[in-house]
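Summary of the model geometry
The primary structure of each chain is shown beneath.
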Amino acid sequence: MDYTPHTEADIEAMLAAAGFTGIEDLFAPIPGSVRLGRDLALPHGMPEAEVLALMEGLARKNRPTGELVCFAGGGAYDHYVPSPVAHLAFRAEFATSYTPYQPELSQGVLGVLFEFQSMICELTGMGVANASLYDGASALVEAINLATGATGRSRIVLSGALNPNYAAVARTNGGARGFSFSTTAAGDGVTGDLGDLAGAACVVVAQPNFFGCLEDLAAIAEATHAAGALLVVVFDPTTAGVLEAPGALGADVVVGEGQGLGVGLLYGGPYLGYFATRPEHVRRVPGRIVGATVDVRGKGGFVLTLQAREQHIRREKATSNVCTNQTLLAIAATVYLSWLGPQGLVELGESCLAGAHQAADLLASVPGCRLAFAAPFFKEFALQVPGDAERVAAGLAERGYLVGPGLGVASAELASHLLVAVTERRTPEQIEGLAKALAEVVA
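Residues numbered from 1 in each chain as written. Predicted model: local features only at pLDDT ≥ 70, side-chain atom pairs only at ≥ 80, totals over all residues. Heavy atoms only, no water.

1. Points about the sheet that holds strand 14 (residues 417-421)
Strand order in the open sheet formed by three strands is 11-12-14, with antiparallel pairing between adjacent strands. Whereas interior strands pair on both sides, the edge strands pair on one side only; in this sheet they are strand 11 (370-371) and strand 14. Where strand 12 (residues 380-384) lies against strand 14, five bridges are found, and the strand directions are antiparallel. The residue bridging F381 from the neighbouring strand is V420, located in strand 14. (Pairing = 2+ DSSP bridges. Helix = DSSP H or I, 4+ residues; strand = E, 2+ residues; numbered from the N terminus.)

2. A short note on helix 4 (residues 107-124)
Helix length check: helix 4, at 18 residues, gives a terminal C-alpha distance of 26 Å against a target of 26 Å (1.5 Å per residue), a fit within 8%. Looking at helix 4, one finds that the buried residues are V109, L110, G111, V112, L113, F116, Q117, M119, I120, C121, L123 and T124. One or two positions beyond helix 4, positive phi appears at G125, with a value near 75°. (Expected span 1.5 Å × (residues − 1). Buried < 20%, exposed > 50% of the residue type's maximum accessible area, 1.4 Å probe, protein only.)

3. Details of the packing of helix 5 (residues 136-151) against helix 6 (residues 164-176)
For any two helices packed against each other, the geometry is given by the interaxial angle and the distance between the axes. It is the contact of helix 5 with helix 6, at a shortest axis distance of 9 Å, that shows an interaxial angle of 45°. It follows that helix 5 is oblique to helix 6 by the angle criterion. Helix 5 and helix 6 meet at a crossing whose hand is right-handed. Residue-level contacts link G136, A137, L140, V141 and I144 of helix 5 to Y166, V169, A170 and N173 of helix 6. A per-class count over the contact of helix 5 with helix 6 returns seven nonpolar, two polar and no charged. (Axes fitted to C-alpha atoms, helices over the stretch in contact; angles between N-to-C directions. Parallel < 35°, antiparallel > 145°, perpendicular 65-115°, else oblique. Left-handed = near helix turned anticlockwise from the far one by under 90°. Contact = heavy atoms within 4.5 Å. Nonpolar A, V, L, I, M, F, W, Y, C, P; charged D, E, K, R; others polar.)

4. Describing the pattern of salt bridges
Summed over all chains, the structure comprises nine salt bridges. Note that K379 and D236 form a salt bridge whose closest N and O atoms lie 2.9 Å from each other. One end of the pair, K379, is in the loop between strand 11 and strand 12; the other, D236, is in the loop between strand 6 (230-235) and strand 7 (253-257), with 143 residues separating them in the sequence. You'll find K379 and D236 in the same group, each marked buried. Across the pair R278 and D252 runs a salt bridge, and its minimum N-O distance is 3.6 Å. Taken together, the residues R278 in the loop between strand 8 (273-277) and strand 9 (289-294) and D252 in the loop between strand 6 and strand 7 connect sequence positions 26 residues apart. Residue classification places R278 among the partly exposed residues on the basis of a relative accessible area of 22%. (Salt bridge = Lys/Arg side-chain N within 4 Å of Asp/Glu carboxyl O.)

5. With respect to the side chain of R426
Mapped onto the secondary structure, R426 falls in the loop between strand 14 and helix 10 (428-442). Side-chain polar atoms of R426 contact the backbone oxygen of C70, separated by 2.9 Å. Non-local contacts of R426, meaning those with residues more than four positions away in its chain, are made with V69, C70, F71 and D78. (Polar contact = N/O pair within 3.5 Å; in protein donor to acceptor, adjacent residues only side chain to side chain.)

6. Side note on the nonpolar core
Of all hydrophobic cores here, the largest spans 55 residues; its most connected members are F116, V203, V205, L231, V233, L272 and Y336. Listing elements by their share of this core, those giving two or more residues are helix 3 (83-89), helix 4, strand 5 (200-207), helix 7 (217-226), strand 6, strand 8 and helix 8 (327-364). Looking at this core element by element, the count peaks at twelve residues for helix 8. Counting 30 residues, the second-largest nonpolar core is a separate cluster that includes V128, L162, A170 and V253. (Core = buried A, V, L, I, M, F, W, Y, C linked by side-chain atoms within 4.5 Å.)

7. Side note on empty space enclosed by the protein
In the structure shown here, the tally under the stated rule is three cavities of 30 Å³ or more. By volume, the largest cavity is sized at about 330 Å³. Surrounding the largest cavity, 22 residues form its lining, G75, Y77, P208, V234 and D236 being those nearest its centre. Taken as a whole, the second largest cavity spans an internal volume of roughly 50 Å³. Considering the residues around the second largest cavity, the lining is formed by F211, G212, C213, L371, A372, F373, A375, F377, E380, F381 and A382. For the lining of the second largest cavity, the per-class residue count stands at nine nonpolar, one polar and one charged. (1 Å grid on protein atoms, 1.4 Å probe; cavity = no way out; pocket = protein on both sides within 12 Å on 5 of 7 lines; lining within 4 Å. Points joined across faces, edges and corners; volume = space filled by probe spheres on them.)

8. Considerations on the packing of helix 9 (residues 389-398) against helix 10
Axis separation between helix 9 and helix 10 bottoms out at 9 Å; the angle between their running directions is 125°. Relative to helix 10, the element helix 9 is oriented oblique. Seen from above, helix 9 lies across helix 10 with right-handed handedness. When helix 9 is examined against helix 10, the residues R391, V392, G395 and L396 are found in contact with a partner set consisting of L434, A437, L438, V441 and V442. Its residues placed into classes, the contact of helix 9 with helix 10 shows seven nonpolar, one polar and one charged.

9. Concerning the pairing of strand 6
The element strand 6 is extensively covered by neighbouring structure, given that six of its six residues are classed as buried. Residues of strand 6 alternate between two faces, with L230, V232 and V234 on one and L231, V233 and F235 on the opposite face, all of them buried.

10. Examining the layout of surface pockets
Estimates place the volume of the largest pocket at around 470 Å³. The class makeup of the residues in the lining of the largest pocket is twelve nonpolar, eight polar and three charged.

11. Considering the state of the cysteines
Evaluation of the coordinates by the stated rule reveals zero disulfides. Left without a disulfide partner, C213 is nearest to the cysteine sulfur of C352, which lies 16 Å away. Exposure remark for C213: the relative accessible area of 2% places this residue in the buried category. (Disulfide = S-S within 2.5 Å.)

12. Here's the deal with the packing of aromatic side chains
Throughout the structure, instances matching the rule amount to six aromatic pairs. Ring centres of F71 and Y401 lie 6.5 Å apart, and the angle between their planes is 40°; on these two criteria the pair is classed as tilted. With F71 in the loop between strand 1 (69-70) and helix 3 and Y401 in strand 13 (residues 401-402), this pair connects stretches of sequence that are 330 residues apart. For the pair shown, F71 and Y401 are each scored as buried. By the ring-pair criterion, three or more aromatic residues cluster together here, those being F210, F211 and F373. It is K379 that lies over the ring of Y77; its NZ or CZ is 3.9 Å from the centre. The ring centre of F71 lies 5.9 Å from the NZ or CZ of R426, which sits over that ring. (Phe/Tyr/Trp six-rings, centres within 6.5 Å; stacked < 30°, edge-to-face > 60°. Lys NZ or Arg CZ within 6 Å of the ring centre and 35° of its normal.)

So, in structure tokens, the structure goes:
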């Protein structure tokens, strides 16, 4: 829809109706002490062609992953996005700026979202999933909300090996609700002693964790449940072809980032959060759930159901205020998983696993470098380098290789460490090139 501004006549008519003689009258109640008293220091307007030239110049300062060989990780990964994803997900039938409230008009979208939920249940080993959330971090916030509601407790225990960005989002949201947070140690790159879990609503761990290492979920689940708490697992779904589903190892809620499922890097977003849990918690699931049903004639169809948010039920009974999902990206993920299939998911995991271990062996053989942790890892690992990791990352970028982030973002003690991620897109030749470039940078 084109933007149609009000005409001067429209404005005069509205002011007259409101009893004002000018626009300034609308701001009269604002004290002069807090008013700026001058125009904003903004540049004058530019012709369209000059704006385009300016923006193109700014864009050329970027170095996209199409220019650099991407070994970057830390939560967003350079997985291959096959052409059928955009071809199908961007069809006009799926293009919508709003959510499918009217089932009689939205059977196609609702049907795909139902398939998305079913696939997430398969990948996570859980009984129910919603139609997606904003991103992995916001999904974690909702998992914590579920745990506190289900247990009646407000203490949250975060793994020290959790993505620090996820931990910050959880603390920001939970702090406003009065939750208390504590963080475990992360010895040798994995969750350490959980300590006293008395009064804990949940324990939050990631699989693989922020350092790329694999956690002993079964042992963590046993200790968590012994304290009457729930286990929340932030799970990378691209590992599902080679790792046991968290639900089979005792997880109560599984959330995560679906960026690797056919979404692409997208300059950092938008991304796709997913949320799955056990059936006994279905009435605490945030956002929207698409259910299968039959109409009055017995014909099958799909509808939104069991919505726990305050927009649809009494505020005091709401468990979430999430009022939307990432429908288009959930459709893209559904197309991607359908294209990949169960065997493709296994091959994806095996390819990442093999490439990451080839890279680890080569990079750790560079003088002055070594693997930071001895724990098993999947597609990502922490590398200790001589000196400042950010300087090394910058040197590699100059040679055409993108790595990181540096682990100084997690702890000052890890300022000489950086993450290296290897997806199925990386070739043995690219891995060897990275090792050669690293040797030049640290020499």
